[in-house]
Amino acid sequence: MATSIRLRRLGAIAVVAGGAYTIVRNPSFSSNDRGDKSTALDTFRRKIADPFAVVPSRATQEAALIGSSLSNPLDILVVGGGATGCGVALDAATRGLRVGLVERDDFSSGTSSRSTKLIHGGVRYLEKAVFNLDYGQLKLVFHALEERKQVIDNAPHLCHALPCMTPCFDWFEAIYYWAGLKMYDLVAGRHLLHLSRYYSAQESVELFPTLARNGKDKTLKGTVVYYDGQMNDSRLNVAIACSAALAGAAVLNHAEVVSLLKDEGDGRIIGARIRNNLSGKEFDAYAKVVVNAAGPFCDAVRKLADKDAKPMICPSSGVHVVLPDYYSPDGMGLIVPKTKDGRVVFMLPWLGRTVAGTTDSNTSITMLPEPHENEIEFILDAISDYLNVKVRRTDVLSAWSGIRPLAIDPKAKSTESISRDHVVAEEHPGLVTITGGKWTTYRSMAEDAVDAAIKSGKLNPANKCLTYNLQLIGADGWEPASFTILAQQYVRMKRSHGGKVVPGVMDTAAAKHLSHAYGVLSERVAAIAQNENLGKRLAHGYPFLEAEVAYCAREEYCESAVDFVARRCRLAFLDTDAAQRALPRIIEILAAEHKWNRSRQKQELQKGKQFLETFKSSKNAQFHDGKH
């Protein structure tokens, strides 16, 4: 099986060599071979895993939306291209429904790209469940732990298990956290990633060299290490969107809903007026049900149906900072269970750097939220108590803010029902809203939303939900050692400043990055680096290659410089200043791919710089460097 996958993949790479992909159908996937015995799940697995598959073009996707009509509507139109919205599109398409999705900015441009990067079951919810005897909280944990395992299994190249260390400065803490995390293991059951365990103070410092032996006027007694999942969030989101496209969904980013269409007779929502934000053109898309998955902006969509709709969203600001890699060892996170004001702060290795966060404070809803200086200082203060290295504000490479869409159930009698769980509601006929929840449970949230949409529109799906065991694009056949194929079989052809083309080695860092970012499709990117002389790094000290810009423009609906620097590669989140230096070259490659004129290139540079100014690195932030 592995050999046949490898041979098919090599055939797919050969198609790439000219620089533009040609759609070639693999004979082994013909409809005759599938036959009637093949299950629906097998069919969609093959579609998504087909090494010759190419996502439909943006023009094709837009035409599919425009082609819907009052007499021939889509089954479901999804508004919002975050994790949940793209999850709804994938779920609905694999049930055999006609589905479209529109996102006014880019896939994962909002909350879904600004997470803590954890796929977690919710240790804190378990604590609440035990102390408050709250079965509802316990069910949340059971459910999240099950979904955690599935997210990792369905996209193993983008997700992995991560050990997290909890420092204990007295023996009561050690016993308390050990017992609590053993219960976490027990609740996980067969979905367990790895068993938690206790480490002595000496063992802990060997595992985490920057951990302080003395803190809070106490001496470190030891640590308890447990496991949760970690992900590359926006790349996972893009993988869901592209998988949905391969499954038959018409997904379109940079397409904004400007109004909802209503039936003149009964007032039911029957579609939406959509503006293509790249061309400025508007069109109508008709659907039996509209699913509102706009995250923090879902109230704005609800008000298009009913201007008097009461708010469902209680927005909360989550701020994170990125620090150099020496703050934490590769492969071990640190969790501070209780800060001075009772909050939890994480410090996690991520893509070769350290991400620390998060805050939880009230905020207003904006398209580009910015972190406040006091929130950044709070995070740095919280971690400094636990480290033996001086925590400096000048070390902050990037800082960002995301808006959590905490949900209030519109049917609830009081606001006390604000929950980390999700809410599905149909307040207006034809408009199903899904909001709240968290990244870990995006798949089951989507399943609930599609179930509600089927009921609302009296739809006839060909089969039940298939996404539980459905691997995403790039996952089928991927293994942790897959990067060695890239390192051994490809070179990075680089164009020097003088225009001369010179070969460069496909080093381990670049090969590992490509393998984890694109899964089995990384060979397509490596082929572009080799055959089109795009093997140069985009930024010094980072593994991102010029070839990725071309690939993402062709294969991942990357339509702007910000799309690439923030969501396709993570340079904006890892190092704002490096991202700014890489912008001109990124724009140059995208201009060649999308045929941009000089005016558009200048506009892209300006937009890119404005976007990066919202990431408060030490160089673009105004602050008084006191103890930091």
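Residue positions within a chain follow its written sequence, with the count starting from 1. It should be noted that, the model being predicted, local features are given only for residues of pLDDT at least 70 and side-chain atom pairs only at 80 or more, the latter also being counted only at that level, while totals for whole chains, interfaces and linings use all residues. Hydrogens and water are ignored here; the side-chain numbers use all heavy atoms of the structure.

As for the overall build of the protein
For the purposes of this entry, the term helix denotes a DSSP run of H or I that reaches at least four residues, the term strand denotes a run of E that reaches at least two, and both are numbered from the N terminus. Along the backbone of the protein there are 21 helices and 22 strands. When we talk radius of gyration, it's over C-alpha atoms, and the globule rule is simply 2.2 Å times the number of residues to the 0.38. A compact globule built from 628 residues should have a C-alpha radius of gyration of about 25 Å, and the protein, at 24 Å, falls within 12% of that. Expressed along its principal axes, the backbone C-alpha trace of the protein runs to roughly 70 × 70 × 50 Å. Residues count as neighbours in contact if any of their non-hydrogen atoms are within 4.5 Å of one another. A fraction of 73% describes how many contacts in the protein between residues 6 or more apart in sequence connect residues 24 or more apart. When the accessible area of the protein is evaluated, it comes to approximately 25900 Å², of which 53% is carbon and sulfur surface. Positive and negative side-chain charges of the protein, numbering 77 and 69 respectively, have mean locations separated by a distance of 3 Å. What sets the accessible areas is the Shrake-Rupley method with a 1.4 Å probe; for residues, cover comes only from the shown protein chains. Asp and Glu count as negative and Lys and Arg as positive, but His and the ends of the chain are not part of the count. Throughout, a charge is located at the NZ atom of Lys, the CZ atom of Arg, the CG atom of Asp or the CD atom of Glu.

Remarks on the environment of Tyr468
For Tyr468, the location among the structural elements is in the loop between α13 (442-457) and α14 (483-489). Here the alpha-carbon distance between Tyr468 and Glu206, two residues 262 residues apart in the chain, equals 39 Å. Apart from residues lying up to four places away in sequence, Tyr468 is in contact with Glu146, Glu147, Gln150, Asn154, His191 and Arg443. A polar atom in the side chain of Tyr468 sits 2.9 Å from the side chain of Glu146. Polar contacts here mean pairs of N or O atoms no more than 3.5 Å apart (in protein, one a potential hydrogen donor and the other a potential acceptor; neighbouring residues in sequence count only if both atoms are side-chain atoms).

A word on unusual backbone geometry
For residues that are not glycine, phi is negative in most cases, and the peptide bond is trans in most cases. In this structure, the amide linkage connecting Gly357 to the following residue, Thr358, adopts the cis form with an omega of 20 degrees. The backbone of His254 sits at a positive phi, close to 55 degrees, despite the residue not being glycine. Within the fold, His254 resides in the loop between β9 (250-253) and β10 (255-262). Only protein chains enter the accessibility calculation, which uses a 1.4 Å probe; a residue is then buried when its area is under 20% of its type maximum, exposed when over 50%, and partly exposed in between. Looking at His254, the relative accessible area reads 7%, which means it is buried.

A few points about the packing of aromatic side chains
The relation between two aromatic rings is expressed through the spacing of the ring centres and the mutual angle of the planes. Geometry of aromatic contacts follows a simple scheme: Phe, Tyr and Trp rings, the Trp one being its six-membered ring, pair when their centres are within 6.5 Å, and the pair is stacked under 30 degrees between planes, edge-to-face over 60, tilted otherwise. Counted according to the given criterion, the structure contains twelve aromatic pairs. Centre to centre, the rings of Tyr542 and Phe544 are 6.4 Å apart; their planes meet at 5 degrees, and the pair counts as stacked. Tyr542 sits in the buried class, given a relative accessible area of 5%. Relative accessible area serves as the criterion here: at 5%, Phe544 is assigned to the buried category. A positively charged side chain is recorded as over a ring if its NZ (Lys) or CZ (Arg) lies within 6 Å of the ring centre. The angle to the ring normal must also be within 35 degrees. Positioned over the ring face of Tyr199 is Arg197, at 4.0 Å from the centre of the ring. Across the ring face of Tyr518, the terminal group of Arg235 is positioned such that the distance to the ring centre comes to 4.2 Å.

Some points on the UniProt feature "domain: Alpha-glycerophosphate oxidase C-terminal" (unreviewed entry) in the protein
UniProt positions are given in the numbering used here, feature names are shortened, and annotations may be inferred rather than shown by experiment. When the UniProt feature table is mapped onto this chain numbering, "domain: Alpha-glycerophosphate oxidase C-terminal" (unreviewed entry) sits at residues 465-600. Within the segment residues 465-600, helix and strand shares are 53% and 7% respectively, and the terminal C-alpha atoms sit 42 Å apart.

Quick word on the pairing of strand β2 (residues 99-103)
Counting buried residues in β2 gives five out of five residues, a clear majority hidden from the surface. The side-chain alternation of β2 yields two buried faces, one formed by Val99, Leu101 and Glu103 and the other by Gly100 and Val102. By this definition, two strands are paired if DSSP reports at least two bridges between them. Pairing of strand β1 (residues 74-79) with β2, which is carried by four bridges, proceeds in the parallel orientation. What sits directly across from Val78, in β2, is Leu101. A crossover counts as right-handed when, viewed with the strands pointing away from the observer, the path leading from the first strand over the helix to the second turns clockwise. Handedness of the crossover joining β1 and β2 through helix α5 (residues 83-94): right-handed. Taken together, the four bridges between β2 and β9 define a ladder with parallel strand orientation. Paired with Leu101 across the two strands is Val251, which belongs to β9.

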